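Structural overview for review
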Amino acid sequence: MSATLTVDDPTLLGFAEEVGETGPVAIVGGQTRWDIGGESAGEPRLLRAPEGIVDYKPEEMTVQVRAGTTVADLHVALAEKGQRTALPDRGGTVGGALAVGENDIRALGRGRVRESLLQVRYVSAEGRIVSSGGPTVKNVSGFDLPRLMVGSLGTLGCIAEVILRTNPIPAVSRWLHADRVDAGTTFDGLLHPSAVLTDGSGTWVQLEGHGADVDQQASILQTLGSFTEVDGPPVLPEHRWSLSPSEAGAFPASDGDLAFVAAIGLGLVFADAPQPLRRLDPAVTLINERMKQNFDPTGRLNPGRDAGRK
Amino acid sequence: MVLSKLRELAGGSKDESSGDPFVDALRNALSADRVKYDGAHRSLHSHDASVFDGGNSGPVVYPETTAEVQAVVCLANEHQRNVVPRGAGTGLAGGAIPLGVPVVVAVTKMNAILEVDEANSIAWVEPGVINLDLTRHLAPLGYHFAPDPSSQQVCTVGGNVANNSGGPHCLAYGVTNAHVMAMEIVLPSGDAVMLGGLDAEPQGFDLRGVFVGSEGTLGIVTKIAVRITKNRPAVRTLLMAFDDVRDAANTVSDVIADGIVPAAMEVMDKAITAAVENYVGAGYPTDAAAVLLAEVDGLDSGVDIDADRIAEIGRANNATDVRLAGSDEERMLLWKGRKTAFGAVAQIAPDYYLHDTVVPRSALADVLDQIYAISDKYELLIMNVFHAGDGNLHPLIVFDGRDEGVLDRVHAAGGEIITASLDAGGVLSGEHGIGVEKQKYMDRMFTDDDLDHQNRLRQAFDPGCRTNPGKVIPSGHSCADIQSLRSVPKEVWG
Amino acid sequence: MTLDGSEAAVDLKIDADDLNKCVQCGLCLPHCPTFRVTGDETMSPRGRIKLMREVQDNDAPISSDVIDAFSTCVQCRGCEPACPSGVPYGHMMESARETLADAGEMTPTWQRLAMKPLASPALLNAGTRALSVAQKLKVVPERLGLSHEIPLTQPKLEATGSDVYLFTGCVMDTMQRSVHDAGLQVLTKMGFGVMPTGDAAPCCGALQAHAGLAGETRSLAGRMMQNLEPDVPIIVDSAGCGAAMKDYGHLLGTDEAVAFSERVFDMQEFLALHVDKLPEAEPLDLRVAVQDPCHLRHVQRVHEATRTVLRPFVRELVELDDEGLCCGAGGAYSIFEPELAGQIRDRKVASIDRATPDVVASANPGCSMHLGSVGVPTKHPIELIFEAIS
């Protein structure tokens, strides 16, 4: 075995030591989504993951960054080279965004969080540093632990450092809005909009790309309604719903005066009431439980939380 | 009537009793004609498109429904036999070869495109649907299935799921994992469950995500909701010739650094270009040291801007010829050449060993130099054809297996290629997977702790180690003892 | 069981280099009609080649499953153009079948007997008349694929000169003489004097070669080469016959046979070479789908000519969307393997249905009959051209 495989970065080793081998622990990021996945239990020690950009390779479209770095700081650094990531910037950390796994409402344009994680280093329940995935944009070497970590709410391992895929920031980005146009028809008429949002009466569209392409798509929009330039998306209601694109397009399913913003083509809806609890197939729950048992036999990682109750 | 009678007599009667209670039980559960236990079937299902020999196939079954797959898995559990799923058998890492004498579950008869759901931008398909058939089916609707491995005319969507298949156009569109929204799988327990979902953010761990690319070790996929991608109205395909492979590699790296993500960027070196051109006659320049095929797609204005910029970058890197495909036919022919490159080498020698590693794009030129040096050292012809855009190398070692001792040199050269790739900051496999091919190299990329955790993931699905055992994770870290799987109790031609 | 009952290895007499060319990549699989309908590796070119290797190189026994794998091959050779390694599959399968037929392992007596009349005009005529009567009495099994009513008496083909031969053959001459007649008339209108070969060349031997009876084919080929005038182009309107005759060079391995094969032309191929001589005519008001017979597309590889010569004479020419996958006729295949042939045909018919043609142009009598027997309206391209210029 090559010696370089063993992680010798003192920062990560220090984090592993902090996590240790016993006692309940939970990692704190920006706490922007602290309340999902059930109540924290067992009074865990609250730790912060290490911070800092380790290695940014714009020509590889990858960035190696420690989990405690804020998404905002990361994006500032990437923007200097004209790049960004799929992570939503809600004031939280890179590790938090990955552990929660929620997408930006403009995910059609910037990609899904689960597809942006190339390599993960986490501290296991036994206090060991585990790596999985790889630094290249394409990789099928071994089982896909990065996928498992995204959205796992830190219940399987404490994310320490990751390599993320970056994307070029398009030359032009415009938001347009019109009232009384059908959002579904709008979505179908465009090639690949970065976002199409509707609150039931107005439609917001984000177009990104080369200037001429954006102009061409914008002219298609003008045939559908009287779209005008706006600064950005509407204010999103508090509660996040995960639906299929067709369900989101027909939201709300029953009559009522729910205020909402639905992301067409993506299936995300923000409404002023929470989504009714979704139920997992018991056979799937069994695998989830076995997974948790295998990775964290004593249940010390972020106790009380359950990725199945997001 | 007379003819059929005659034929019956001529064909003789076949012995239907197998003498193996497991086989008899399978025949009861499916039907006799879809459970094969003869030497011919077992011999053919002991191989895939790789150079690896496994054990021997036990019975070969052709289920047609999820319930039949469940029945096979349950019977295998009952009779304590292992299960190996199989699609078209085009894998190159030996992922589908049987170790021990497992039941081979060929999903080729589960080949229906069940539903195209435009409202959700997905199609529900069975695992045996051929990748290109799906794209052809979607064409009248203006969509395609984005993963396009070179074997797309024959490989199955189920196989794509198992291997997280890539392809030239995955540079912009992402590999299979990004195109699978949900799937029904039969777990090693025999239960059928749905993983993932059509909703934006399915709850629970991303079991869908870990199943894709698990090389058939976590269960058998029986239905798949694949994302369908709108066809782009404008496509530009550039063919660039270079006098030095390094220049082609540097062009690729510079294009990405320039902020362009083409739909595809492929490089072929001189030897492979000659073989390909001989087969398709697409007009590839056979005197160039390397050709670069770059494709951009999208809207009219944008693709012109990007194509012009790529051409400019190519010329800055000493491209001797820059050509834009003039028609769809020319474009299709160029791609046909690229995608049949591996098979075309048999014109040169009867055997080949196709490698698959990934290196950082910026390391492409250096690693290629090392590969040519390895070629000289072992006196082997190594040709290079690769997904340059994502750094995915495919060194192709061409040889004649009848030459004394050649296989030792082939494997030694392969080992050095892998080492060179890893040393450059790369990974073991970009799209072929680990299978049995690269198990012994896994500890060059992962520590014991890393492998231990991969095994924990596997065991959450398959605690009994019944599904495609002995693959991916090397012996010692794996739940199954590979050595014991390698001992074959029975002559297949017995 | 081995061939002679002993444990000795069996040499299928397949060229070792040919056998080695296959790298098992599997790109042939989707182009194989039997693999397409069964999903069974033993019914794929890759599988069959592997079995050839097992038998020839690794002493595997000739089990009934091996025989099944070989005898279910339609020999459409759709795998050959799909093969980037250029494996000469058709020749390999013919060698294998010949060895096995010689050893009595393949091609049972009833199949051999069924082919006897092909080489004998008198026997064939008698048989056809019997079939015609039987057809009128409605006692012909459907799977024989006889859609066209077989005429009791046939109009005689008269020579119009001596510039070219029109190969009239066996089955086709008795069942579809109207096709020959159309060809003869069109060629004559183009200024070629045509000699029907008639009894001078009673049969090309294609079906025999496919069944492993290459010896019979060689003797038929020898007879034909002896009976026909040298240097006169031989025009063939049946794709299967044309492919077989173009292969005499390989089969006999003599310079004479090579030269003979070089003057064999498919009808549309010949017309396309002389396209300037085709008379102009008002196009037929038909939407025509082109069905490429395998031995025109995959073996002779001159299927584009059909489009070139047919396009001016019909309103609309459309392609099928199945990339030239076999229809399952395969010479006598549809009789010997009716179930598989039917499944393969179902795929073809579905593709034809999607193309919504008025008529399907097929340049091979076997395909026409096989498709016609399930109600697909077929015409030989030359019949359509003749109709347009008449």
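Our structure's up above, just so we're on the same page.
Residues numbered from 1 in each chain as written. Chains lettered and ligands numbered in written order. Predicted model: local features only at pLDDT ≥ 70, side-chain atom pairs only at ≥ 80, totals over all residues. Heavy atoms only, no water.

Description of the pattern of salt bridges
If you walk through the whole model with that rule in mind, you get 59 salt bridges over all chains. Residue D400 of chain B pairs with R402 of chain B through a salt bridge whose shortest N-O separation is 3.1 Å. Looking at D400 of chain B, the relative accessible area reads 18%, which means it is buried. The salt bridge involving R402 of chain B is made with D17 of chain C; its shortest N-O contact spans 3.6 Å. Residue R402 of chain B is found in the loop between β20 (395–399) and α15 (406–423), and its partner D17 of chain C is found in helix α1 (residues 16–21); the two belong to separate chains. What you see here is one network of salt bridges that share partners, running through R33, R90, E102 and R240 of chain A together with E201 of chain B. (Salt bridge = Lys/Arg side-chain N within 4 Å of Asp/Glu carboxyl O. Buried < 20%, exposed > 50% of the residue type's maximum accessible area, 1.4 Å probe, protein only. Helix = DSSP H or I, 4+ residues; strand = E, 2+ residues; numbered from the N terminus.)

Concerning the interface of chain B and chain A
Across the contact, 88 residues belong to chain B and 76 residues belong to chain A. Carbon and sulfur atoms make up 57% of the area that chain B and chain A hide from each other, which totals about 6700 Å². Counting the surface chain B buries against chain A, the share from its top three residues, E201, Q203 and F205 of chain B, is 13%. Counting across the interface, chain B meets chain A through 7 salt bridges. (Contact = heavy atoms within 4.5 Å. Buried area = accessible area lost by both parts, 1.4 Å probe.)

Notes on the sheet that holds strand β5 (residues 284–291) of chain C
Residues and elements named next belong to chain C. With parallel pairing, 4 strands are arranged side by side in an open sheet as β6-β5-β7-β8. The sheet is open, and its two edges are formed by β6 (314–319) and β8 (378–379), each paired on a single side. Taken together, the 2 bridges between strand β7 (residues 359–362) and β8 define a ladder with parallel strand orientation. Opposite V360, over in β8, you have T378 as the bridge partner. Contacts from helix α22 (residues 381–389) reach β5, β7 and β8 within the one sheet, and its direction differs from that of β5 by about 165°. (Pairing = 2+ DSSP bridges. Axes fitted to C-alpha atoms, helices over the stretch in contact; angles between N-to-C directions.)

Let's talk about the side chain of T93 of chain A
With respect to the helices and strands, T93 of chain A occurs in the loop between β5 (83–84) and α3 (94–100). Setting aside residues no more than four positions away along its own chain, T93 of chain A makes contact with G29, G30, A67, G68, T69, T70 and V71 of chain A.

By themselves, these are just geometric observations and shouldn't be taken as functional.
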